[in-house]
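# Descriptive structure summary
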Amino acid sequence: KEVVMLLRHSSIQEKNISIDIECACPGARILADDEQIRQVFLNIMINACEAMEPHGTLSIAIGNVRAQLDEERTEENCIRIDFENDGSPIPADVLPRLFEPFFTTKEGGTGLGLAIAARIIESHRGQIKVDSPKGSSTVFSVFIPVMSRQLEPECPEEIEILQTFACI
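For the structure given in this document, a descriptive report is provided here.

This brings us to the environment of A51. Assignment of secondary structure puts A51 in helix α2 (residues 34-51). The exposure class assigned to A51 is partly exposed, which follows from its relative accessible area of 36%. C-alpha of A51 to C-alpha of N85: the two residues are 34 residues apart in sequence and 8.0 Å apart in space. With residues near it in sequence (within four places) discarded, A51 still touches G87 and S88.

A pair of packed helices can be characterised by two numbers: the angle between their axes and the separation between those axes. Across the interface, α2 lies against helix α3 (residues 113-123) with an axial gap of 9 Å and an inter-helix angle of 145°. Of the two possible hands of crossing, α2 and α3 adopt the one that is left-handed. When α2 is examined against α3, the residues Q36, I37, Q39, V40, N43, I44 and N47 are found in contact with a partner set consisting of G113, L114, I116, A117, I120, I121 and S123.

The rules behind the values
- Residues numbered from 1 in each chain as written.
- Predicted model: local features only at pLDDT ≥ 70, side-chain atom pairs only at ≥ 80, totals over all residues.
- Heavy atoms only, no water.
- Helix = DSSP H or I, 4+ residues; strand = E, 2+ residues; numbered from the N terminus.
- Buried < 20%, exposed > 50% of the residue type's maximum accessible area, 1.4 Å probe, protein only.
- Contact = heavy atoms within 4.5 Å.
- Axes fitted to C-alpha atoms, helices over the stretch in contact; angles between N-to-C directions.
- Left-handed = near helix turned anticlockwise from the far one by under 90°.

See below:
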């Protein structure tokens, strides 16, 4: 919600982008750095808004899923955040390079926003996927493992970290 408020008060809003949020799991808990997660959401949302024509729609859906985040792990409970925009699809030749540092298709872009987002999510044991089929909307899906263990009162540093970003 904080990132949406930030976007609504930025120059992106000159495009009159509508932002819809649907949360199917209010209060879900993840162990994450709140500033880093905000940065991920901001980078993805800015890219989505820049890819849309004026009066476009960015839909954000948050839900619980079970996912296998890499080949070495079993399926686990995750929070899935889908950022769907109604802009043009991403060309097939660009999709494999989206998360490469310094790769950009935007004039004046640095090519760092999505690369940073991917590294942050990976550092949180999560994953980002992109689906951008021709003739359909583009969806960036962020998967972050749900906190699945109780924190021990003897570990106040873990409790402090959790409180920095406790709920979706």
